[in-house]
Amino acid sequence: MDNLVLGLLLQVFLALGVAGLLWPDKLMPLFGVLLFPWRASYRLIRAHGVVAIGAYLIVLGKLLVFGH
């Protein structure tokens with residue numbers, strides 16, 4: 001069951017990361033709400049996309065190395 005939850009979390013990381021890199025203009029309203037006191041920028045959204053893909057790779061590596 002842990003691997004199922006972790007696998008779903010991986011898919012969310014990857015989807016948000018790729019969406020942040022490919023379509024930052026579509027994620028601008030979401031980041032405008034999430035980062036309320038600060039202004040969302042394309043640079044911030046792209047950085048979040050890179051970090052989300054990095055988190056995906058780290059968790060995937062954990063699953064592959066430590067397995068079940």
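The rules we used
- Residues numbered from 1 in each chain as written.
- Predicted model: local features only at pLDDT ≥ 70, side-chain atom pairs only at ≥ 80, totals over all residues.
- Heavy atoms only, no water.
- Patch = residues over 30% accessible without salt bridge, like charges linked within 9 Å, V, L, I, M, F, W, Y side chains within 5 Å.
- Areas by Shrake-Rupley, 256 points an atom, 1.4 Å probe, with all protein chains shown as cover.
- Salt bridge = Lys/Arg side-chain N within 4 Å of Asp/Glu carboxyl O.
- Helix = DSSP H or I, 4+ residues; strand = E, 2+ residues; numbered from the N terminus.
- Buried < 20%, exposed > 50% of the residue type's maximum accessible area, 1.4 Å probe, protein only.
- Expected span 1.5 Å × (residues − 1).

Peer 1: Which residues make up a nonpolar patch on the surface, and what values do they have?
Peer 2: Among the surface-exposed residues, V18, L21, L22, W23 and V50 lie close enough to one another that they form a single nonpolar patch of about 440 Å² accessible area. In terms of residue count, the dominant contributor to the nonpolar patch is helix α1 (residues 2-22) (three residues). Structurally, V50 is set in helix α3 (residues 42-66). Since its relative accessible area comes to 51%, V50 is described here as exposed.

Peer 1: I'd like a rundown of α3, residues and numbers included.
Peer 2: For α3, built from 25 residues, the straight-helix expectation of 36 Å at 1.5 Å per residue is met to within 8% by its first-to-last C-alpha distance of 36 Å. Those residues of α3 not exposed but buried are I45, G49, A52, Y56, V59 and L63. Note on α3: the residue one or two positions beyond its end, G67, has a positive phi of about 60°.

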